[in-house]
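Chain residues, written in single-letter form:
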Amino acid sequence: QLIKHITESEALYFVSQQEHKDEWHKDFYYWKKHLIAFKSWPWLKKFYRGGKWLGHFDDLELNGVYWYNLIDNEMYDGFLVSSKVGVGIKLGRWLDKNIKYETNWSCCDRKYVKFNERLGFEIKSIDSIEKREVFLLCRKKY
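Reading guide: rules and limits
- Residues numbered from 1 in each chain as written.
- Predicted model: local features only at pLDDT ≥ 70, side-chain atom pairs only at ≥ 80, totals over all residues.
- Heavy atoms only, no water.
- Helix = DSSP H or I, 4+ residues; strand = E, 2+ residues; numbered from the N terminus.
- Rg over C-alpha atoms; globule rule 2.2 N^0.38 Å.
- Buried < 20%, exposed > 50% of the residue type's maximum accessible area, 1.4 Å probe, protein only.
- Contact = heavy atoms within 4.5 Å.
- Areas by Shrake-Rupley, 256 points an atom, 1.4 Å probe, with all protein chains shown as cover.
- Lys, Arg positive; Asp, Glu negative; His and termini not counted.
- Charge placed at Lys NZ, Arg CZ, Asp CG, Glu CD.
- Core = buried A, V, L, I, M, F, W, Y, C linked by side-chain atoms within 4.5 Å.
- Arc of directions from axis to C-beta.
- Pairing = 2+ DSSP bridges.
- Axes fitted to C-alpha atoms, helices over the stretch in contact; angles between N-to-C directions.

> Which residues make up the overall build of the chain, and what values do they have?
Helix and strand counts for the chain stand at six helices and seven strands. Seen in sequence order, the chain has helices and strands lined up from the N terminus as β-α-α-α-α-β-β-β-α-β-α-β-β. Relative to the compact-globule value of 14 Å for 142 residues, the chain shows a C-alpha radius of gyration of 14 Å, a close match. The C-alpha extent of the chain, read off along each of the three principal axes, is 40 × 35 × 30 Å. Burial analysis of the chain (142 residues in total) assigns 44% to the buried set. Contacts in the chain between residues far apart in sequence, at least 24 positions, make up 63% of those at least 6 positions apart. Just so you have it, the chain exposes about 8,300 Å², and 51% of that area is on carbon and sulfur atoms. A gap of 3 Å separates the mean positions of the 25 positive and 20 negative side-chain charges of the chain.

Below, the structure written as structure tokens:
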């Protein structure tokens, strides 16, 4: 198993090959707009431009991608798409262990709260967008 940085085109090609239940997980650019949409969380706007992609590989097969953006000592991560159980936790733990940050922000639906808590995130706030309840998550390194 290998985790490494990949290009956005590699990541988005992988995403296009997966079956998705909703628009949020099918279209990265549609998903990314949430960073500039929340009036109650204005500090997320700075993460809108830029960002990097991680890929998880078994042998040569890409089976998970994860986007993050590091601005100064703050990071935002999200848009995790995988085709294999357990890959998301591995990507999340790799990010925590290998990227230097003080504060890490993320957002998720209710069904992903427990997953994110396993990665050390805590719920900081709740808002809604397009009639979806969204949880603002945070984890800190001391």
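> Before we move on, can you summarise the nonpolar core with the specific residues and values?
Ranked by size, the top nonpolar core spans 26 residues in total, and within it Leu44, Trp53, Val65, Trp67, Tyr76 and Phe79 carry the most contacts. For this core, the secondary-structure elements that each account for two or more residues are α1 (8-16), α3 (28-32), β2 (52-58), β3 (61-71), β4 (74-82), β5 (103-108) and β7 (132-140). By size, the runner-up hydrophobic cluster in this structure holds 10 residues, among which are Tyr68, Met75, Ile99 and Tyr101.

> Would you mind going over unusual backbone geometry in detail, with residue names and values included?
One non-glycine residue, Asp72, adopts positive backbone phi at about 55°. Residues other than glycine seldom take positive phi values, yet Glu130 does so here, at roughly 50°. Mapped onto the elements, Glu130 comes out in the loop between β6 (122-129) and β7.

> Please give an account of α1 that cites residues and values.
Taken as a whole, α1 has its buried residues at Ala11, Phe14 and Val15. Along the long axis of α1, the arc covered by the buried residues comes to 100°, so they all point the same way. Exposed residues on α1 whose side chains face more than 90 degrees from its buried face are Ser9 and Tyr13. Taken together, the buried residues of α1 touch β1 (2-6), α2 (23-26), β2, β3 and β4.

> Provide a residue-level description of the sheet that holds β3, including the pertinent values.
Read across the sheet, seven strands follow the order β1-β2-β3-β4-β5-β7-β6 without closing on themselves; strand pairing throughout is mixed. Taken across any chain shown, the strands that pair with only one partner, and hence form the sheet edges, are β1 and β6. Each strand axis lies, on average, 25° off the axis of its neighbour in the sheet, ignoring direction. One ladder, built from three bridges, connects β4 with β5; its direction is parallel. Its bridge partner lying in β5, Glu74 is registered against Thr103. Along the sheet, α1 makes contact with β1, β2, β3 and β4, crossing β3 at roughly 130°. Against the sheet, helix α5 (residues 87-98) engages β1, β2, β3, β4 and β7, with an angle of about 35° to β3.

> Which residues make up the pairing of β6, and what values go with them?
Pairing analysis gives seven bridges linking β6 to β7, with the strands arranged antiparallel. Pairing of Glu122 across the sheet is with Cys138, part of β7.

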